[in-house]
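If you want the building blocks of each chain, they are given just below.
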Amino acid sequence: MSANGENLEERFSALEKRLRALEDRADLTELIARYGPIVDSGEGQLLEQLWSPNGVYEIGEEFRVSGEQIRTITEFAQHQTYLSSGCAHLLTSPSINIDGDVAHAVNHSFVVVRAGKEWIVDRASANEWHCERTERGWRVAVRRNMLLDGDAAARALLTHPRML
Amino acid sequence: MSANGENLEERFSALEKRLRALEDRADLTELIARYGPIVDSGEGQLLEQLWSPNGVYEIGEEFRVSGEQIRTITEFAQHQTYLSSGCAHLLTSPSINIDGDVAHAVNHSFVVVRAGKEWIVDRASANEWHCERTERGWRVAVRRNMLLDGDAAARALLTHPRML
Amino acid sequence: MSANGENLEERFSALEKRLRALEDRADLTELIARYGPIVDSGEGQLLEQLWSPNGVYEIGEEFRVSGEQIRTITEFAQHQTYLSSGCAHLLTSPSINIDGDVAHAVNHSFVVVRAGKEWIVDRASANEWHCERTERGWRVAVRRNMLLDGDAAARALLTHPRML
């Protein structure tokens, strides 16, 4: 290799680009891995670190909360019942697709709730995540969650993400 | 550090080797993370992107499908019943061992199916994955899946992978 | 870019630091991903590769085993019953925080056990992991596991890790 400056800059740039791609993937994996522990701790205000303020969380057709209000989801009656019963939000490791400053991911999530001596699966869902790079790192722009109850639209979420 | 060409090449090569190892791990994690969402979407033809054409998927002793036929698994009567009932293939984050152009991974998988108001665990399995680097990226050469029903052979899969 | 040695050293050092951070994260993910497959294989001696000899595994308030004795947990009557019934220790992908030579992670774990024609969730737990960099790589210094049965202390584990 010649040690002239131009060649070196190309070599460094190529490495930095590959590093950035890996860092993005690690950051997005971590972002999604934080949701379950936070929501099961009951500390809804920590969810604000995950969403963009103008982001949104949609559950099925009937429920929609903004990033600014995301903290309120742990205050819902349903969630309080989950917490007092004993509850685990189980999310699988996402499949991630990164395109510059936006990313798309899909995974499964489950709400596992204590019922007597065992825990039952109260919800099993398909999820799509649209994420965006912000000044404060990767954040959730849109999370859509649909019950896997035989509905074709929920299944389609896993491979045909709707546009933002 | 002296800026002579030979030293520089060693430095770059060392970094590139470490980068490649991380990229391989990320690619293999992504490869396995795609299985669940694809199979639950019902779009079996997308599974062809995961397997080598001459690869194989073995379930227990009785079932064996080639990479070329992998698309057919979503057409099976059992799978169609899963899809219409509401179904989630839950795979855990794999433990991965990479050796050059081949890799081995183990993880758990679960088939979670709706039954009335809740979902039940219809299958809980041990999996071993033999993967290979191809011109089109990492692909599954062999996936073996065995039910964790007390069978010692299924347990052994988790730490003593059989040779290809 | 000038090709003088000092600048180059800074460039290489910056890349190496970022690489190391990613390698640490990959190693910690792998460390935790190994627990489930090993414990379900029944080969407790392999758990010694995960813990520091002076590390500890605490389950609730009543159970505590050292890294040196970690192999014994697969010999417990409860665990032997799990293995003969058919059992899967399902761990979620951890949220990881690295600080030099120590790291903290949280995740969920589930013990899924066969009961007739299906598998039931016998335990659903919150976990915190304190890990340390050793001469033999990252190892578990402390793992704490608490049942998510409505207990506030278990919930707190997910966001307020106790000090070592």
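J.: Would you mind showing me how to read the overall build of chain A here?
T.: Regarding its fold elements, chain A presents four helices and seven strands. When the backbone C-alpha atoms are referred to their principal axes, chain A occupies close to 70 × 35 × 35 Å. Looking at chain A residue by residue over its 164 residues, the buried ones come to 53%. In chain A, 48% of the contacts between residues at least 6 apart in sequence involve partners at least 24 apart. Within the structure as shown, chain A displays about 7200 Å² of accessible surface, and the carbon and sulfur contribution to it stands at 48%. Once the 18 positive and 25 negative side-chain charges of chain A are each reduced to a mean point, those two points are 3 Å apart.

J.: Got a minute to help me understand the interface of chain C and chain A in this structure?
T.: Often, the extent of an interface is quoted as the loss of accessible area on bringing the components together. Counting from both sides, the interface comprises 32 residues of chain C and, opposite them, 38 residues of chain A. Overall, the association of chain C and chain A removes approximately 2900 Å² of surface from exposure, summing both partners, and the carbon and sulfur fraction of that is 65%. Our count for the chain C to chain A interface comes out at four salt bridges. Arg11(C) serves as the salt-bridge partner of Glu9(A), at 3.1 Å between the closest nitrogen and oxygen. Inspection of the chain C/chain A interface yields eleven residue pairs in polar contact (both at pLDDT 80 or more). Listing elements by their share of the side of chain C that touches chain A, those giving two or more residues are helix H1 (5-41), strand E4 (95-99), strand E5 (102-115) and strand E6 (118-134) of chain C.

J.: Explanation requested: the interface of chain B and chain A in the structure shown.
T.: With 38 residues of chain B in contact, the opposing surface of chain A contributes 32 residues. Regarding the contact of chain B and chain A, the summed buried area is about 2900 Å², with carbon and sulfur atoms giving 64% of it. When the buried area of chain B at its contact with chain A is split by residue, Phe12(B), Leu19(B) and Trp119(B) rank highest and sum to 23% of it. Here chain B and chain A share four salt bridges between them.

J.: Mind showing me how you'd approach the relation of the copies chain C and chain A here?
T.: In this arrangement, two copies of a chain are superimposed by a rotation about an axis accompanied by a shift along the axis. Aligned on chain A, chain C shows an RMSD of 0.0 Å; the corresponding rotation is 120° and the shift along the axis is 0.0 Å. Taken together, the rotation and translation describe the operation of a three-fold axis. If distances are taken from each C-alpha of chain C to the rotation axis, the shortest is found for Ser93(C), at 3.5 Å.

J.: What is the right way to look at the pattern of salt bridges in this model?
T.: Should the charged atoms of two oppositely charged side chains come close, the side chains can pair. For the structure on display, the rule yields 33 salt bridges over all chains. A salt bridge links Glu23(C) to Arg18(B); the shortest N-O distance between them is 2.8 Å. With Glu23(C) in helix H1 and Arg18(B) in helix H1 (residues 5-41), this residue pair bridges two chains. Take Glu23(C): its relative accessible area is 19%, and that puts it in the buried class.

J.: I keep staring at the side chain of Ser93(B) and nothing clicks. Help me out?
T.: Looking at the secondary structure, you find Ser93(B) in the loop between strand E3 (87-91) and strand E4 (95-99). In this view, Ser93(B) contacts Ser93(A), Asn107(B), Thr29(C), Ala33(C) and Ser93(C); residues no more than four positions away in its chain are not counted.

J.: What is the right way to read helix H2 (residues 77-85) of chain C from this model?
T.: Every α-helical turn comprises 3.6 residues, leaving residues that sit three or four positions apart pointing alike. Among all positions of H2(C), only His79(C), Tyr82(C) and Leu83(C) are buried. Buried residues along H2(C) cover an arc of 95° about the axis, so they all sit on one side. Exposed side of H2(C), more than 90 degrees from the buried face: Ala77(C) and Ser84(C) are the residues found there. Contacts from the buried residues of H2(C) go to helix H3 (152-157) of chain B together with H1, strand E3 (87-91), E5 and E6 of chain C. Just beyond H2(C), the residue with positive phi is Gly86(C), at close to 110°.

J.: Help me out: how do you make sense of the nonpolar core in this one?
T.: With 39 residues, the main nonpolar core has Phe110(A), Val112(A), Phe110(B), Val112(B), Phe110(C) and Val112(C) as its most contacted residues. Not counting chain neighbours up to four residues away, the residues in contact with Val112(C) comprise Phe110(B), Val121(B), Gly86(C), Cys87(C), Ala88(C), Leu90(C), Trp119(C) and Ile120(C).

J.: I keep staring at the packing of H1(B) against H1(C) and nothing clicks. Help me out?
T.: A packed helix pair is summarised by two numbers, namely the angle formed by the two axes and the spacing between the axes. With their axes 11 Å apart at the nearest point, H1(B) and H1(C) run at an angle of 25° to one another. Classified by the interaxial angle, the pair formed by H1(B) and H1(C) is roughly parallel. Both H1(B) and H1(C) take part in a crossing whose hand is left-handed. In this structure, H1(B) contributes Leu8(B), Arg11(B), Phe12(B), Leu15(B), Arg18(B), Leu19(B), Leu22(B) and Arg25(B) to the contact, and H1(C) contributes Leu8(C), Glu9(C), Phe12(C), Leu15(C), Glu16(C), Leu19(C), Arg20(C), Leu22(C), Glu23(C), Ala26(C) and Glu30(C). Classifying every residue of the contact of H1(B) with H1(C) by side-chain character gives eleven nonpolar, no polar and eight charged.

What counts and what doesn't
- Residues numbered from 1 in each chain as written.
- Chains lettered and ligands numbered in written order.
- Predicted model: local features only at pLDDT ≥ 70, side-chain atom pairs only at ≥ 80, totals over all residues.
- Heavy atoms only, no water.
- Helix = DSSP H or I, 4+ residues; strand = E, 2+ residues; numbered from the N terminus.
- Buried < 20%, exposed > 50% of the residue type's maximum accessible area, 1.4 Å probe, protein only.
- Contact = heavy atoms within 4.5 Å.
- Areas by Shrake-Rupley, 256 points an atom, 1.4 Å probe, with all protein chains shown as cover.
- Lys, Arg positive; Asp, Glu negative; His and termini not counted.
- Charge placed at Lys NZ, Arg CZ, Asp CG, Glu CD.
- Buried area = accessible area lost by both parts, 1.4 Å probe.
- Salt bridge = Lys/Arg side-chain N within 4 Å of Asp/Glu carboxyl O.
- Polar contact = N/O pair within 3.5 Å; in protein donor to acceptor, adjacent residues only side chain to side chain.
- Least-squares fit on C-alpha atoms with pLDDT ≥ 70 in both.
- Arc of directions from axis to C-beta.
- Core = buried A, V, L, I, M, F, W, Y, C linked by side-chain atoms within 4.5 Å.
- Axes fitted to C-alpha atoms, helices over the stretch in contact; angles between N-to-C directions.
- Parallel < 35°, antiparallel > 145°, perpendicular 65-115°, else oblique.
- Left-handed = near helix turned anticlockwise from the far one by under 90°.
- Nonpolar A, V, L, I, M, F, W, Y, C, P; charged D, E, K, R; others polar.

Purely geometric stuff here, so don't read any function into it on its own.
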